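Here is what each chain is made of, one letter per residue.
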Amino acid sequence: MELTHFASLTLGLASDRLYMLGATPAGTRIIQEIASARLEGEKVKASMVGQAGADWLAVDASGVATFDIRMTLETDDGAVLYLAYEGRADWSGGMGQAPVYVGMQFEAGDERYRWLNGLQLFGRGEVGGGGALTYEIYQPH
């Protein structure tokens, strides 16, 4: 499979909106709200709008983290997009100590961005300092 770079996505995580549920049937459940998001690509540029962005993270007993992230974005030219992605990371060495690998999908109703609906994108994320998570997103052809 050949991949080309699609965009970069940077999330600002809200440290004051982190909810530890503890042990649940899915593992240790952590809900981390997203304070900001910026998508920068050649064909689409957008920022998070609203306050409904979050990661519904679960970490199992062996340290495997499962991500479920959803948010609403507004493009620089005014279209509203929904972005959802799921993925995994082996954090057996500690939280945030290994890359996050994800599969991403958009939903777009705006005619200018309906082409996003047919894409399955893949990303690799890194946890950085200051509560940031940065992904490089790729598109297969």
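Above this text is the structure in question.
Worth saying up front: this structure is predicted, and the values here are computed from it rather than measured.

What about the nonpolar core?
1) Next: Among the nonpolar cores identified, the biggest contains 37 residues, and L9, M71, L73, Y85 and Y135 are the most heavily contacted of them.
2) Next: Looking at this core, the elements that each hand over two or more residues are β1 (3-24), β2 (27-41), β3 (45-48), β4 (54-59), β5 (64-75), β6 (80-90), β7 (100-108) and β9 (132-140).

Describing the packing of aromatic side chains
1) Next: Summed over all chains, the structure comprises 4 aromatic pairs.
2) Next: Summarising the aromatic geometry, the rings of F6 and F106 are spaced 6.4 Å apart at their centres and angled 50° between planes, so their arrangement reads as tilted. Highlighted residues: F6 in strand β1 and F106 in strand β7, separated in sequence by 100 residues.
3) Next: Look at F6 and you get buried, because its relative accessible area is 7%.
4) Next: With a relative accessible area of 4%, F106 lands in the buried category.
5) Next: Both rings, one in F67 and one in W91, keep their centres 5.3 Å apart while their planes meet at 85°; by these two values the pair is edge-to-face. Here F67, found in strand β5, pairs with W91, found in the loop between β6 and β7; they are 24 residues apart in sequence, far enough to count as distant.
6) Next: The class for F67 is buried, based on a relative accessible area of 2%.
7) Next: Site record: aromatic cluster; members linked through ring pairs are F6, F106 and W115.
8) Next: The cationic tip of R70 hangs over the ring face of W56; the distance from NZ or CZ to the ring centre is 4.2 Å.

Comments concerning the pattern of salt bridges
1) Next: Under the criterion given, the structure shown has 8 salt bridges.
2) Next: Notably, a salt bridge pairs E126 with R124, separated by 2.5 Å at the nearest N-O pair.
3) Next: For R124, a relative accessible area of 36% gives the class partly exposed.
4) Next: Taken together, the shared-partner salt bridges connect D16, R17 and E33 into one network.

Cut-offs used in this document
Residues numbered from 1 in each chain as written. Predicted model: local features only at pLDDT ≥ 70, side-chain atom pairs only at ≥ 80, totals over all residues. Heavy atoms only, no water. Core = buried A, V, L, I, M, F, W, Y, C linked by side-chain atoms within 4.5 Å. Buried < 20%, exposed > 50% of the residue type's maximum accessible area, 1.4 Å probe, protein only. Helix = DSSP H or I, 4+ residues; strand = E, 2+ residues; numbered from the N terminus. Phe/Tyr/Trp six-rings, centres within 6.5 Å; stacked < 30°, edge-to-face > 60°. Lys NZ or Arg CZ within 6 Å of the ring centre and 35° of its normal. Salt bridge = Lys/Arg side-chain N within 4 Å of Asp/Glu carboxyl O.

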